[in-house]
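# Chains, contacts and geometry: an overview
Residues per chain, in single letters:
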Amino acid sequence: RVSARLFSDNGVQGSSLARLAAAMGMSKAFIYHYVSSKEQLIEEITLDTQQRLFQRTVARMGGTASHAEKVRLFMVEYAAFLDENFHEMRTANFSFAGHMSEGAAIRARQNNRDHLRLIVEVFEAGVAAGELVAVDPWLSARAVFSLTHSLARWYRPGEGKPAVSYAEDFFAVIARGVLPQPQAAGAAGGAGGGGAGNGNDGNGGARR
(Lines give C-alpha, C1' and ligand atoms only; values in the text may rest on other atoms or scores of the structure.)
Protein backbone atom coordinates (compact mmCIF):
# COMPACT_ATOMS: atom_id res chain seq x y z
CA ARG A 1 0.00 0.00 0.00
CA VAL A 2 2.89 2.36 0.64
CA SER A 3 4.21 1.90 -2.89
CA ALA A 4 0.75 2.32 -4.43
CA ARG A 5 0.25 5.52 -2.44
CA LEU A 6 3.61 6.81 -3.68
CA PHE A 7 2.69 6.25 -7.34
CA SER A 8 -0.84 7.57 -6.83
CA ASP A 9 0.32 10.80 -5.19
CA ASN A 10 3.43 11.52 -7.27
CA GLY A 11 2.86 9.79 -10.60
CA VAL A 12 5.37 7.49 -12.22
CA GLN A 13 7.91 10.17 -13.12
CA GLY A 14 7.81 11.62 -9.61
CA SER A 15 8.35 8.26 -7.91
CA SER A 16 11.45 6.16 -7.43
CA LEU A 17 12.55 3.15 -5.46
CA ALA A 18 14.73 5.49 -3.42
CA ARG A 19 11.66 7.51 -2.40
CA LEU A 20 9.82 4.30 -1.64
CA ALA A 21 12.64 3.09 0.58
CA ALA A 22 12.61 6.40 2.44
CA ALA A 23 8.82 6.29 2.89
CA MET A 24 9.06 2.76 4.29
CA GLY A 25 12.07 3.54 6.46
CA MET A 26 14.13 0.90 4.73
CA SER A 27 17.34 0.82 2.73
CA LYS A 28 17.41 0.87 -1.08
CA ALA A 29 19.28 -2.44 -0.95
CA PHE A 30 16.33 -4.03 0.86
CA ILE A 31 13.87 -2.78 -1.78
CA TYR A 32 16.11 -3.94 -4.65
CA HIS A 33 16.17 -7.40 -3.09
CA TYR A 34 12.50 -7.74 -4.04
CA VAL A 35 12.06 -5.59 -7.16
CA SER A 36 14.53 -4.40 -9.77
CA SER A 37 12.66 -1.29 -10.93
CA LYS A 38 9.63 0.86 -10.25
CA GLU A 39 8.12 -0.49 -13.46
CA GLN A 40 8.23 -4.01 -12.06
CA LEU A 41 6.52 -2.78 -8.92
CA ILE A 42 3.79 -1.10 -10.97
CA GLU A 43 3.25 -4.35 -12.86
CA GLU A 44 2.86 -6.35 -9.66
CA ILE A 45 0.43 -3.83 -8.17
CA THR A 46 -1.62 -3.74 -11.38
CA LEU A 47 -1.93 -7.49 -11.88
CA ASP A 48 -2.68 -8.17 -8.21
CA THR A 49 -5.33 -5.42 -8.13
CA GLN A 50 -7.02 -6.71 -11.29
CA GLN A 51 -7.13 -10.27 -9.97
CA ARG A 52 -8.58 -9.24 -6.62
CA LEU A 53 -11.26 -7.12 -8.31
CA PHE A 54 -12.20 -9.98 -10.62
CA GLN A 55 -12.44 -12.53 -7.82
CA ARG A 56 -14.49 -10.20 -5.65
CA THR A 57 -16.88 -9.41 -8.49
CA VAL A 58 -17.38 -13.07 -9.37
CA ALA A 59 -18.14 -13.91 -5.74
CA ARG A 60 -20.69 -11.10 -5.32
CA MET A 61 -22.46 -11.67 -8.63
CA GLY A 62 -22.67 -15.37 -7.88
CA GLY A 63 -24.86 -14.66 -4.86
CA THR A 64 -27.93 -13.74 -6.91
CA ALA A 65 -29.92 -15.36 -9.72
CA SER A 66 -31.31 -12.02 -10.94
CA HIS A 67 -29.54 -10.75 -14.04
CA ALA A 68 -30.56 -7.17 -13.30
CA GLU A 69 -29.08 -7.48 -9.82
CA LYS A 70 -25.91 -8.94 -11.30
CA VAL A 71 -25.56 -5.82 -13.45
CA ARG A 72 -26.05 -3.62 -10.39
CA LEU A 73 -23.54 -5.62 -8.35
CA PHE A 74 -20.98 -5.46 -11.15
CA MET A 75 -21.12 -1.68 -10.93
CA VAL A 76 -21.44 -1.34 -7.15
CA GLU A 77 -18.65 -3.79 -6.34
CA TYR A 78 -16.27 -2.00 -8.66
CA ALA A 79 -17.07 1.26 -6.88
CA ALA A 80 -16.66 -0.25 -3.41
CA PHE A 81 -13.36 -1.83 -4.45
CA LEU A 82 -12.21 1.54 -5.82
CA ASP A 83 -12.90 3.24 -2.51
CA GLU A 84 -11.03 0.54 -0.60
CA ASN A 85 -8.12 0.32 -3.06
CA PHE A 86 -8.00 3.82 -4.49
CA HIS A 87 -4.22 4.15 -4.73
CA GLU A 88 -3.79 0.68 -6.22
CA MET A 89 -6.42 1.47 -8.85
CA ARG A 90 -4.73 4.76 -9.76
CA THR A 91 -1.41 2.96 -10.05
CA ALA A 92 -3.04 0.42 -12.37
CA ASN A 93 -4.22 3.31 -14.56
CA PHE A 94 -0.62 4.52 -14.82
CA SER A 95 0.47 1.07 -15.94
CA PHE A 96 -1.72 1.26 -19.04
CA ALA A 97 0.08 4.45 -20.04
CA GLY A 98 3.09 2.41 -21.15
CA HIS A 99 4.85 1.60 -17.89
CA MET A 100 4.75 -2.20 -18.19
CA SER A 101 6.76 -4.83 -20.00
CA GLU A 102 5.10 -6.43 -23.01
CA GLY A 103 4.49 -9.67 -21.13
CA ALA A 104 2.81 -7.91 -18.20
CA ALA A 105 0.82 -5.71 -20.57
CA ILE A 106 -0.55 -8.80 -22.33
CA ARG A 107 -1.65 -10.26 -18.98
CA ALA A 108 -3.21 -6.96 -17.89
CA ARG A 109 -5.18 -6.64 -21.12
CA GLN A 110 -6.40 -10.22 -20.74
CA ASN A 111 -7.49 -9.45 -17.18
CA ASN A 112 -9.50 -6.52 -18.51
CA ARG A 113 -11.12 -8.74 -21.15
CA ASP A 114 -12.00 -11.30 -18.48
CA HIS A 115 -13.67 -8.59 -16.41
CA LEU A 116 -15.62 -7.40 -19.46
CA ARG A 117 -16.62 -10.98 -20.24
CA LEU A 118 -18.37 -11.19 -16.84
CA ILE A 119 -20.86 -8.49 -17.71
CA VAL A 120 -21.20 -9.59 -21.35
CA GLU A 121 -22.30 -13.04 -20.18
CA VAL A 122 -24.83 -11.47 -17.81
CA PHE A 123 -26.41 -9.47 -20.63
CA GLU A 124 -26.43 -12.44 -23.00
CA ALA A 125 -28.08 -14.68 -20.41
CA GLY A 126 -30.43 -11.95 -19.21
CA VAL A 127 -31.66 -11.16 -22.72
CA ALA A 128 -32.11 -14.87 -23.48
CA ALA A 129 -34.16 -15.26 -20.29
CA GLY A 130 -36.27 -12.18 -21.03
CA GLU A 131 -35.02 -10.40 -17.89
CA LEU A 132 -32.96 -7.77 -19.70
CA VAL A 133 -33.67 -5.87 -22.89
CA ALA A 134 -30.88 -4.90 -25.28
CA VAL A 135 -30.63 -4.38 -29.01
CA ASP A 136 -27.05 -5.62 -28.78
CA PRO A 137 -26.11 -7.38 -25.53
CA TRP A 138 -22.37 -6.98 -26.18
CA LEU A 139 -22.71 -3.24 -26.79
CA SER A 140 -24.91 -2.76 -23.71
CA ALA A 141 -22.42 -4.70 -21.61
CA ARG A 142 -19.55 -2.64 -23.01
CA ALA A 143 -21.42 0.56 -22.10
CA VAL A 144 -21.87 -0.63 -18.52
CA PHE A 145 -18.22 -1.68 -18.34
CA SER A 146 -16.92 1.63 -19.69
CA LEU A 147 -19.22 3.76 -17.53
CA THR A 148 -18.25 1.82 -14.42
CA HIS A 149 -14.51 1.93 -15.13
CA SER A 150 -14.67 5.67 -15.79
CA LEU A 151 -14.98 6.17 -12.03
CA ALA A 152 -11.28 5.39 -11.56
CA ARG A 153 -10.35 8.29 -13.83
CA TRP A 154 -12.21 11.10 -12.09
CA TYR A 155 -13.42 9.92 -8.69
CA ARG A 156 -11.59 11.15 -5.59
CA PRO A 157 -12.44 9.83 -2.10
CA GLY A 158 -13.84 12.53 0.15
CA GLU A 159 -14.90 14.77 -2.73
CA GLY A 160 -18.63 14.57 -3.33
CA LYS A 161 -20.48 11.31 -2.84
CA PRO A 162 -18.98 7.89 -2.07
CA ALA A 163 -18.10 5.86 -5.16
CA VAL A 164 -20.90 3.39 -4.46
CA SER A 165 -23.47 6.19 -4.61
CA TYR A 166 -22.24 7.17 -8.06
CA ALA A 167 -22.41 3.52 -9.13
CA GLU A 168 -26.02 3.29 -7.92
CA ASP A 169 -26.80 6.44 -9.93
CA PHE A 170 -25.13 4.90 -12.98
CA PHE A 171 -27.25 1.80 -12.59
CA ALA A 172 -30.42 3.91 -12.34
CA VAL A 173 -29.54 5.58 -15.64
CA ILE A 174 -28.97 2.21 -17.28
CA ALA A 175 -32.10 0.62 -15.82
CA ARG A 176 -34.52 3.50 -16.35
CA GLY A 177 -33.10 5.15 -19.42
CA VAL A 178 -33.03 8.88 -20.07
CA LEU A 179 -36.38 9.37 -21.84
CA PRO A 180 -39.75 9.72 -20.12
CA GLN A 181 -41.72 6.50 -20.04
CA PRO A 182 -45.01 6.79 -21.95
CA GLN A 183 -48.11 6.21 -19.89
CA ALA A 184 -50.40 3.59 -21.41
CA ALA A 185 -53.95 4.37 -20.29
CA GLY A 186 -55.50 1.40 -18.56
CA ALA A 187 -52.46 -0.80 -19.09
CA ALA A 188 -50.90 -2.42 -16.06
CA GLY A 189 -47.17 -1.97 -15.84
CA GLY A 190 -46.90 0.76 -18.51
CA ALA A 191 -44.86 0.40 -21.65
CA GLY A 192 -41.30 -0.66 -22.22
CA GLY A 193 -39.32 -2.20 -19.41
CA GLY A 194 -36.40 -1.48 -17.19
CA GLY A 195 -33.77 -2.97 -19.47
CA ALA A 196 -30.58 -1.51 -20.85
CA GLY A 197 -31.92 -0.96 -24.37
CA ASN A 198 -34.99 -1.64 -26.46
CA GLY A 199 -35.53 -4.78 -28.45
CA ASN A 200 -33.24 -7.68 -29.26
CA ASP A 201 -32.02 -8.78 -32.65
CA GLY A 202 -30.12 -11.73 -31.25
CA ASN A 203 -26.81 -10.65 -32.80
CA GLY A 204 -25.00 -9.19 -29.79
CA GLY A 205 -23.57 -12.45 -28.53
CA ALA A 206 -21.43 -12.89 -31.62
CA ARG A 207 -18.84 -10.36 -30.45
CA ARG A 208 -16.13 -11.50 -28.05
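Refer to the structure presented above.
### Examining the packing of aromatic side chains
This structure, assessed with the given rule, holds three aromatic pairs. When the ring of Y155 is compared with that of Y166, the centres are 6.2 Å apart and the planes differ by 75 degrees; the resulting orientation is edge-to-face. Here Y166 lies in helix 10 (residues 163-176) and Y155 lies in the loop between helix 9 (151-154) and helix 10, a separation of eleven residues in the sequence. Aromatic rings pair up to connect W154, Y155 and Y166 into one cluster.

### Description of the packing of helix 5 (residues 67-84) against helix 10
Between two packed helices, what matters for the description is the angle formed by their axes and the separation of those axes. The contact between helix 5 and helix 10 brings their axes to 8 Å, and the two run at 155 degrees. The angle between the axes of helix 5 and helix 10 places the two elements in the roughly antiparallel class. You can see that helix 5 and helix 10 cross each other, and the crossing is right-handed. Of the residues in helix 10, those in contact with A68, V71, R72, M75, V76, A79, A80 and D83 of helix 5 are A163, V164, A167, E168, F170, F171 and I174. Looking at the contact of helix 5 with helix 10 residue by residue, the class counts come to twelve nonpolar, no polar and three charged.

### Here we look at the pattern of salt bridges
Under the defined criterion, the tally for this structure stands at nine salt bridges. The residue E77 makes a salt bridge to R60 at a minimum N-O spacing of 2.8 Å. Within this pair, whereas E77 is found in helix 5, its partner R60 is found in helix 4 (residues 38-61), the two being separated by 17 residues in sequence. Taking relative accessible area as the criterion, E77 reaches 6% and is therefore assigned buried. In this structure, the salt-bridge partner of E69 is R72, at a minimum N-O distance of 2.8 Å. With E69 and R72 both in helix 5, this residue pair falls three residues apart, about one helical turn. Three or more residues joined by partner-sharing salt bridges are found here, namely R56, R60, E77 and E84.

### A short note on a nonpolar patch on the surface
Judged by side-chain polarity, V2, M24 and M26 come together as a nonpolar surface patch covering roughly 220 Å² of accessible area. Tracing the backbone shows M26 in the loop between helix 2 (17-24) and helix 3 (28-34). Overall, the relative accessible area of 35% leaves M26 in the partly exposed class.

### Remarks on the packing of helix 4 against helix 5
Where helix 4 meets helix 5, the axes come as close as 9 Å, and the angle between the chain directions of the two elements is 140 degrees. It follows from the interaxial angle that helix 4 and helix 5 lie oblique. In this structure, helix 4 meets helix 5 at a crossing whose hand is right-handed. For the pair formed by helix 4 and helix 5, the contact residues are T49, R52, L53, R56, T57, R60 and M61 on the first element and K70, L73, F74, E77, Y78, A80, F81 and E84 on the second. Its residues assigned to classes, the contact of helix 4 with helix 5 shows seven nonpolar, two polar and six charged.

Thresholds applied
Residues numbered from 1 in each chain as written. Predicted model: local features only at pLDDT ≥ 70, side-chain atom pairs only at ≥ 80, totals over all residues. Heavy atoms only, no water. Phe/Tyr/Trp six-rings, centres within 6.5 Å; stacked < 30°, edge-to-face > 60°. Helix = DSSP H or I, 4+ residues; strand = E, 2+ residues; numbered from the N terminus. Axes fitted to C-alpha atoms, helices over the stretch in contact; angles between N-to-C directions. Parallel < 35°, antiparallel > 145°, perpendicular 65-115°, else oblique. Left-handed = near helix turned anticlockwise from the far one by under 90°. Contact = heavy atoms within 4.5 Å. Nonpolar A, V, L, I, M, F, W, Y, C, P; charged D, E, K, R; others polar. Salt bridge = Lys/Arg side-chain N within 4 Å of Asp/Glu carboxyl O. Buried < 20%, exposed > 50% of the residue type's maximum accessible area, 1.4 Å probe, protein only. Patch = residues over 30% accessible without salt bridge, like charges linked within 9 Å, V, L, I, M, F, W, Y side chains within 5 Å. Areas by Shrake-Rupley, 256 points an atom, 1.4 Å probe, with all protein chains shown as cover.

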